[in-house]
Amino acid sequence: MSKTFLGAALLALLAACAPAMTTATPGRIVNAATGEEGTVTFTRGTLSPRLGDPFAPDNATIRIGQRTYTGRTYLIGNGSLPGGLGVSVAFGASNTGSAPAAFETATRVDAGRSVPAYTGNLIARAQGEPAALLTCTLTVDAQERGIGECFDGAGVRYALQF
């Protein structure tokens, strides 16, 4: 075996043992009145129901224009989102010895499976003058993807996707 092959194998083995990197869950926020877009990021692994800790660190950052808001989410429940429609079609036939042949067809339409989802809120504040606050409602699935709606202190609505 060559030294290059052994070096590559050792590097692959070390990479497999390395801890997984945790990146933020990115998303966007849009001002419903002006169309101005911003970004929202959540710390990965923090968008699931957990016991409320009033001293937990902030897990969300929202940037709109020159303002940066930071805040904390609180999610509850074991709700669900509807899955989609499911359609099944089956055909069958049998012939046993002296018995006449039998043919069967069946169809089925059902509502599909529901997707686990959690609801909650996010309260984010911006430092500086004037101080600003965003209050958001969220719906999040088990893969930490979701939607939401935010309002600022002046009543302006923002749509949230992540």
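For the structure itself, consult the block above.
All of the points below concern the structure found in this document. (Residues numbered from 1 in each chain as written. Predicted model: local features only at pLDDT ≥ 70, side-chain atom pairs only at ≥ 80, totals over all residues. Heavy atoms only, no water.)

**Examining the overall build of the protein**
Tallying secondary structure elements over the protein gives 1 helix and 10 strands in all. Written out in order from the N terminus, the α and β elements of the protein read α-β-β-β-β-β-β-β-β-β-β. Counting every position in the protein, which comprises 162 residues, the buried fraction comes to 23%. Contacts in the protein between residues far apart in sequence, at least 24 positions, make up 47% of those at least 6 positions apart. When the accessible surface of the protein is totalled, it reaches about 11,100 Å², and 61% of it is carbon and sulfur. (Helix = DSSP H or I, 4+ residues; strand = E, 2+ residues; numbered from the N terminus. Buried < 20%, exposed > 50% of the residue type's maximum accessible area, 1.4 Å probe, protein only. Contact = heavy atoms within 4.5 Å. Areas by Shrake-Rupley, 256 points an atom, 1.4 Å probe, with all protein chains shown as cover.)

**Describing the state of the cysteines**
Evaluated as defined, the whole model comprises 1 disulfide. Here Cys-136 engages in a disulfide with Cys-150; their sulfurs sit 2.1 Å apart. Torsion about the S-S bond of the Cys-136 and Cys-150 cystine: about 105°, corresponding to right-handed handedness. Here the residue Cys-136 occupies a position in strand S8 (residues 132-141), and Cys-150 occupies one in strand S9 (residues 146-152), the gap between them amounting to 14 residues. Cys-150 carries the same exposure label as Cys-136, and that label is buried. (Disulfide = S-S within 2.5 Å.)

**Let's talk about the nonpolar core**
Formed by 22 residues in total, the largest nonpolar core has its most connected members in Ile-29, Ile-62, Tyr-69, Leu-122, Leu-134 and Leu-138. Of all the secondary-structure elements, those providing two or more residues to this core are strand S2 (37-42), strand S3 (60-64), strand S4 (67-81), strand S7 (115-126), S8 and strand S10 (157-161). At 5 residues, the largest contribution of residues to this core is made by S8. Those residues in contact with Ile-62, other than ones at most four positions away along the chain, are Ile-29, Thr-39, Val-40, Arg-67, Thr-68, Tyr-69, Leu-122, Ala-124 and Leu-134. (Core = buried A, V, L, I, M, F, W, Y, C linked by side-chain atoms within 4.5 Å.)

Take it as geometry only, folks, not as evidence of what the structure does.
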